[in-house]
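The lines below spell out each chain.
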Amino acid sequence: MRETGKFRKKNWKDRLVIMALCVIVVALGFVCLFAGSSHMSAAECFGALTGKGTVANVRIIWNIRIPRVLAAIIAGAGLSVSGLIMQTTLNNSMASPSTLGVSNAAVFGANLSIIAFAGGFLSTGNNAANYAVGANPYATSVMAFFFSTVSILMILGLCTIRSFSPNVVVLSGMALGSVWAAATTILQFYATDVGISAAVVWNFGDLGRATYRTDAIMFTVVTAGLVFFTLMSWRLNALLGGEAVAKTMGVNVKTLRFFSMLLASLITAVCVSFLGIIGFVGIICPHITKKLLGQDHRVTIPISALSGSLLLLLADTFARSMGNGSALPVGAITSLMGAPFFVAIIFSGKENRRC
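Since we're looking at a predicted model, the values are computed, not measured.

Draft legend 1. Layout of the packing of aromatic side chains. Inspection of the entire model under this criterion finds 10 aromatic pairs. One aromatic cluster is present, formed by Phe108, Phe146, Phe147 and Trp180 through successive ring pairs.

Draft legend 2. How the structure looks around the packing of helix 3 (residues 55–90) against helix 12 (residues 253–275). Two elements in contact, helix 3 and helix 12, have axes separated by 9 Å at closest approach and are oriented at 150 degrees. Viewed along their axes, helix 3 and helix 12 adopt a mutual orientation that is roughly antiparallel. Here the hand of the crossing between helix 3 and helix 12 comes out left-handed. Each of Ala71, Ala75, Gly78, Leu79, Ser82, Ile85, Met86, Thr89 and Leu90 in helix 3 lies in contact with helix 12, whose residues at this interface are Arg257, Ser260, Met261, Ala264, Ser265, Ile267, Thr268, Cys271 and Leu275.

Draft legend 3. Summary view of the environment of Val26. Topologically, Val26 is positioned in helix 1 (residues 2–32). Separated by 283 residues in the primary sequence, Val26 and Ser309 have C-alpha atoms spaced 9.8 Å apart.

Draft legend 4. Spatial organisation of helix 4 (residues 102–117). The first and last C-alpha atoms of helix 4 sit 22 Å apart over 16 residues, in line with the 22 Å expected at 1.5 Å per residue. Judged by how many residues are buried, helix 4 sits mostly within the fold: 13 of 16 residues are covered.

Draft legend 5. Spotlight on the nonpolar core. Core analysis: the biggest nonpolar cluster contains 91 residues, and Leu207, Met218, Phe229, Leu275, Ile278 and Leu312 have the highest contact counts within it. By residue number, the principal contributor to this core is helix 3, which donates 14 residues.

Draft legend 6. Focus on the side chain of Asn57. With respect to the element layout, Asn57 can be found in helix 3. According to the relative accessible area criterion, Asn57 is buried, its value standing at 12%. Engagement of the side chain of Asn57 in a polar contact is seen with the side chain of Thr54, the distance being 3.2 Å.

Draft legend 7. A look at the packing of helix 13 (residues 281–293) against helix 15 (residues 330–346). Two elements in contact, helix 13 and helix 15, have axes separated by 9 Å at closest approach and are oriented at 55 degrees. Here helix 13 is positioned oblique relative to helix 15, judged by the angle of their axes. Helix-helix and strand crossings are classified by hand; for helix 13 and helix 15 the assignment is left-handed. For the pair formed by helix 13 and helix 15, the contact residues are Val281, Ile283, Ile284, His287 and Ile288 on the first element and Thr334, Met337, Gly338, Phe341, Phe342 and Ile345 on the second. Its residues assigned to classes, the contact of helix 13 with helix 15 comprises 8 nonpolar, 3 polar and no charged.

Draft legend 8. Representation of a nonpolar patch on the surface within the structure. A grouping of Trp12, Leu16 and Met19 is seen on the molecular surface, where their side chains present a nonpolar patch of about 340 Å² in accessible area. By the secondary structure assignment, Trp12 is in helix 1.

How each quantity is defined
- Residues numbered from 1 in each chain as written.
- Predicted model: local features only at pLDDT ≥ 70, side-chain atom pairs only at ≥ 80, totals over all residues.
- Heavy atoms only, no water.
- Phe/Tyr/Trp six-rings, centres within 6.5 Å; stacked < 30°, edge-to-face > 60°.
- Axes fitted to C-alpha atoms, helices over the stretch in contact; angles between N-to-C directions.
- Helix = DSSP H or I, 4+ residues; strand = E, 2+ residues; numbered from the N terminus.
- Parallel < 35°, antiparallel > 145°, perpendicular 65-115°, else oblique.
- Left-handed = near helix turned anticlockwise from the far one by under 90°.
- Contact = heavy atoms within 4.5 Å.
- Expected span 1.5 Å × (residues − 1).
- Buried < 20%, exposed > 50% of the residue type's maximum accessible area, 1.4 Å probe, protein only.
- Core = buried A, V, L, I, M, F, W, Y, C linked by side-chain atoms within 4.5 Å.
- Polar contact = N/O pair within 3.5 Å; in protein donor to acceptor, adjacent residues only side chain to side chain.
- Nonpolar A, V, L, I, M, F, W, Y, C, P; charged D, E, K, R; others polar.
- Patch = residues over 30% accessible without salt bridge, like charges linked within 9 Å, V, L, I, M, F, W, Y side chains within 5 Å.
- Areas by Shrake-Rupley, 256 points an atom, 1.4 Å probe, with all protein chains shown as cover.
- Salt bridge = Lys/Arg side-chain N within 4 Å of Asp/Glu carboxyl O.

What follows is the structure, encoded as structure tokens:
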């Protein structure tokens with residue numbers, strides 16, 4: 001009876017945390033609509049939300065800020081849960097959405113589209129005006145997603161042929177990621193000044209390029225991933241006890257690892273292809289969630305998703321407030337937040353004992 005009471009109390013506590021995070025994310029998302037470099041007052045923002053403000057203010061709110069806030073919520077949730085799933089399936093607390101070289105592959109694909117084809121068209125030389133006219137952001141995103149998917153399938157294919165062990169996945173990801181990085185460097189070496197500038201700007205994680213269409217695509221993929229991982233919660237919990245324990249509980253470990261890594265990587269690929277590189281969200285949020293609430297994936301999946309949304313909303317608000325007329329890349333903010341956190345994990349006593 002006492003154990004049952006503790007279990008019910010914990011369930012109620014977890015639900016309370018989830019509900020509180022939902023309220024905080026919605027409230028912060030609403031507050032984020034009032035932050036930006038246009039220096040709109042609160043009254044002007046409210047007026048624009050109701051369609052009663054100036055044409056410029058209405059466009060800023062409905063065409064820029066709302067898609068941006070939605071992108072932060074969706075991408076933050078997707079990247080955070082992807083990191084959580086990778087850490088579980090690879091049994092590696094340092095695993096993140098970049099473990100399989102997904103981000104490096106996306107960067108190469110985007111650079112190839114921008115430098116070689118001017119965003120989807122023939123090379124437009126060293127004229128900035130030609131790039132502005134010829135660049136097709138969707139072609140760039142498609143190329144980034146295509147190469148990310150190729151990278152994922154190559155690694156998972158190699159691991160299936162050899163042995164689907166966590167170490168093989170990590171080492172294969174690191175090796176292939178280095179190949180994509182080297183290919184990107186060679187491509188940039190032969191680029192024109194304008195081409196390399198456009199490519200470097202794309203690499204920055206920027207929520208400002210989000211639209212309702214890209215948000216809808218990310219929402220579809222991230223939601224499908226969250227549903228799948230939620231349904232697989234008990235299998236993922238079994239995997240925490242080790243491969244042998246999971247097998248005794250009837251879990252097909254190889255199949256679970258394959259599809260979990262594939263879907264987590266696809267979520268990352270979609271977010272990166274539209275928004276650029278946004279690092280460390282998949283490390284910070286899962287670690288905090290597991291530290292405070294334990295390892296149960298029935299709890300950590302929704303809370304990691306909500307905490308990822310919260311982190312990216314905070315980072316983007318800070319980026320827009322510090323830009324002095326233009327928003328800073330949100331990827332730079334998350335990296336500044338994540339690097340010290342990553343170092344703290346490495347030098348923590350718990351991690352040292354594991355090593």
